[in-house]
Amino acid sequence: MSEIIQNNSTDDIINFFRIFFISISTCCIASKIMNVTKFTKTKKIITFIIIIITSIIYAIEKRMISNLYITLFLLVTLSFAYSKITDSSMGNSIIAITISLSINYVLFFAAVCISFFPIFILNVENEFLILIILLITYSIEVLLFSKINRFKKGFSFLRKNNDILDMLVLNVSAIILFSIIILSNYVKGETKKIGFGIIIFAIIMFVTIQKSLQLYYKQKQLIKTLEETQAELEKYKKDVKELEEENLNISKKSHSLVHKQKQLEYKLNELLSQTETTITEKEKEELNSSIENISKELYTEKAIIELTKTDIPNIDDMLKYQQSECIKNKIDFDLQISGNIHHMINTLIPKEDLEILIADHVKDAIIAINHSNNENRSILVRLGKIDECYGIYIYDTGIEFEKETLESLGKKPSTTHADEGGTGMGFMNTFDTLRKCKASLIIKEIGKPSKDNFTKVIMIKFNNKQEFRVESYRNINIEVKLDQDSNNENNSKSKVTIK
């Protein structure tokens, strides 16, 4: 009888120290995963007292109460203590303590497995010495777990409203706790059968938590990217607003210059009407000077407009050069970039060929505008992904193509402006590039020159269709399937209608 009482007392003491260490570690790891670091001295003392009382009750009642109820008692008591020292809600405290307690049970179970080897090798039989070895191993594991870099600032998803991860980790932790309870109810002979299952489940738990954390961090990165995109959008809105204000100022300036222009026209008409009076050289110089000053005032602003960058130096330099050419010819030059231009030159067209396309067709557009009486002198270059297809579109307000020129495009060099540097080789090079890149050329004539719209657009699409089409308001329609042989003019899949 006395031996039984002695054994019960030994078990109570061992259970006390075991649960005392687990309870202390549970509160520490709960604070760690919730990133709670500051505690008052009074709260620390109160927590320590609650843990001692809980450990005593646990050790005494463990022999008489089911493991399920005694574990629930431990869970609720530690949650209550944790909520008081951290001033958090009982619900959050239960989540933190449940996760922490399951982690500690797994660590303790691992400590039992690790301690088996030194105990077996040293042939230790004293239960208190075994307990000391076990608690030292367990304490080292807890310390190492606290030093993991990923958990340096706790489980950040527990401090935010992420219900999915909360429930996932909570469910896994609850299953671990109940597995420990089931394990503790088995007799020694049966324990071996479930021990390996617990080890495997513990590994699955840590892998699940790791994958959940990776998913959370990816979601966090996505949110960060969205926030950066939002900030970038706000910046673009701000830039657009600044450009609108700049355009308004230019409009005001142009309005003022109109009066100067009218005044200059009046003076010219006055001088021309005086047939008997000879215009002196000084008056001619004054008139020329006035005209030059007005021209400078009208076109100064256009030279400093910053173009959107493609981040490809050769292409950016070519576009900047074409902008300067347009400014020299008093033409508005606009550029729109969309999509990834790096993808375009890496997979669809070499950057050297893209440079030549821009140079050839902007030059043609400048010549077409200079031969037009249209007040609207504008060129628009669109580059990148347009209507779900990468390409380059060049709009201008110049004259239309000659019908004979449209018929001979791609077949032989043709130009009506040889005196201005036109060679007709631009479109020959373009058709070679189309065949090489399996691209299509669409020339769309929008309408007669007007101050409200462009007259035509040259569209080069990298759509693998190898087509040449002309769509015109003048009833000029051409549809040609390009042949891989650049010299083959007899194409069986061509349709030409010119009226």
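Not measured: the values here are computed from a predicted model. (Residues numbered from 1 in each chain as written. Predicted model: local features only at pLDDT ≥ 70, side-chain atom pairs only at ≥ 80, totals over all residues. Heavy atoms only, no water.)

A. Examining the overall build of the protein more closely. Of the regular secondary structure elements, the protein holds 13 helices and 8 strands. The 499 residues of the protein split such that 38% are buried. Considering only residue pairs separated by 6 or more positions, the protein has 68% of its internal contacts joining residues 24 or more positions apart. Summed over its atoms, the accessible surface of the protein is roughly 29,800 Å², and 57% of this surface lies on carbon and sulfur atoms. (Helix = DSSP H or I, 4+ residues; strand = E, 2+ residues; numbered from the N terminus. Buried < 20%, exposed > 50% of the residue type's maximum accessible area, 1.4 Å probe, protein only. Contact = heavy atoms within 4.5 Å. Areas by Shrake-Rupley, 256 points an atom, 1.4 Å probe, with all protein chains shown as cover.)

B. Seen up close, the pairing of strand β5 (residues 456–461). Most of β5 is tucked away: 5 of the 6 residues are buried. In this structure, strand β3 (residues 389–396) lies alongside β5, joined through 6 bridges in antiparallel fashion. Opposite Tyr-393, over in β5, you have Met-459 as the bridge partner. Bridging between strand β4 (residues 440–445) and β5 involves 6 bridges; their strand directions are antiparallel. (Pairing = 2+ DSSP bridges.)

C. Inspection of the nonpolar core at higher detail. Counting residues in each nonpolar core, the largest one holds 46 residues, and the members touching the most others are Phe-333, Leu-354, Val-362, Ile-379, Leu-441, Ile-443 and Phe-468. The element best represented in this core is helix α11 (residues 351–370), accounting for 8 residues. In this structure Leu-441 touches Phe-427, Phe-431, Leu-434, Ile-458, Met-459, Ile-460, Glu-467, Phe-468 and Arg-469, once residues within four positions along its chain are discounted. Core analysis: the second largest hydrophobic core is formed by 32 residues, Phe-20, Ala-111, Leu-131 and Leu-134 among them. (Core = buried A, V, L, I, M, F, W, Y, C linked by side-chain atoms within 4.5 Å.)

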